[in-house]
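Close look at the chain arrangement
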Amino acid sequence: MIQTLKYWLGINLNCKEAHQFLTDYVENALDEDLKWRFEQHMRLCRNCRVYLAQYKAVIALLHDTAPPKPQPELVAHTLSFLKNELNKPTS
Ligand SMILES: [Zn+2]
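A brief structural summary.

Positive phi, close to 55°, is recorded for Asn28, a residue that is not glycine. Along the chain, Asn28 falls in the loop between helix H3 (22-26) and helix H4 (32-44).

The structure is reproduced here in structure tokens:
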């Protein structure tokens, strides 16, 4: 009875199943039915909501982290070194 009610309400995803769809949900790659069922689970499951929020925070952090730019002097020195190396006569 409970399982049938849960299915009718679209909340038949358990936590393990919901976690399998986490990446697809964040990338908006779930079909409408699965997306709805995933969101229903998130509404009812605090642990998964926290997990989803942390997952999104990590993704955002990774997108905001650009590699540091090298100092212009280092770039100039490296290019100069490479030009010299490439122009050296081969023995
Ligand atoms: Zn859950």
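Every protein donor of the zinc ion is accounted for by Cys15 (SG), His41 (NE2), Cys45 (SG) and Cys48 (SG), and the metal-donor separations fall at 2.1 to 2.3 Å. Its four donor atoms give the zinc ion angles of 103 to 115° at the centre, a pattern that matches the tetrahedral case. Taken in sequence order, the residues that donate to the zinc ion follow the motif C-x25-H-x3-C-x2-C. Remark: His41 occurs in helix H4 and Cys15 occurs in helix H2 (residues 15-20); sequence separation between them is 26 residues. Residue Cys15 is classed as partly exposed on the basis of its relative accessible area of 35%.

Moving on to the nonpolar core. Ranked by size, the top nonpolar core spans eleven residues in total: Leu13, Ala18, Leu22, Tyr25, Leu30, Leu34, Phe38, Met42, Cys45, Cys48 and Leu52. Where this core is concerned, the elements lending two or more residues are H3, H4 and helix H5 (46-64). Ranked by the residues each element gives to this core, the list is headed by H4, at three residues. Not counting residues within four places of it along the chain, the set of residues in contact with Leu30 comprises Phe21, Asp24, Tyr25, Lys35 and Phe38.

Criteria and cut-off values
Residues numbered from 1 in each chain as written. Predicted model: local features only at pLDDT ≥ 70, side-chain atom pairs only at ≥ 80, totals over all residues. Heavy atoms only, no water. Helix = DSSP H or I, 4+ residues; strand = E, 2+ residues; numbered from the N terminus. Donors = N, O, S within 2.8 Å, 3.2 Å for Na, K, Ca; no water. Tetrahedral: all angles 85-135°; square planar, octahedral: opposite > 155°, others 65-115°. Buried < 20%, exposed > 50% of the residue type's maximum accessible area, 1.4 Å probe, protein only. Core = buried A, V, L, I, M, F, W, Y, C linked by side-chain atoms within 4.5 Å. Contact = heavy atoms within 4.5 Å.

Honestly, that's just the spatial picture; any functional story needs more than this.
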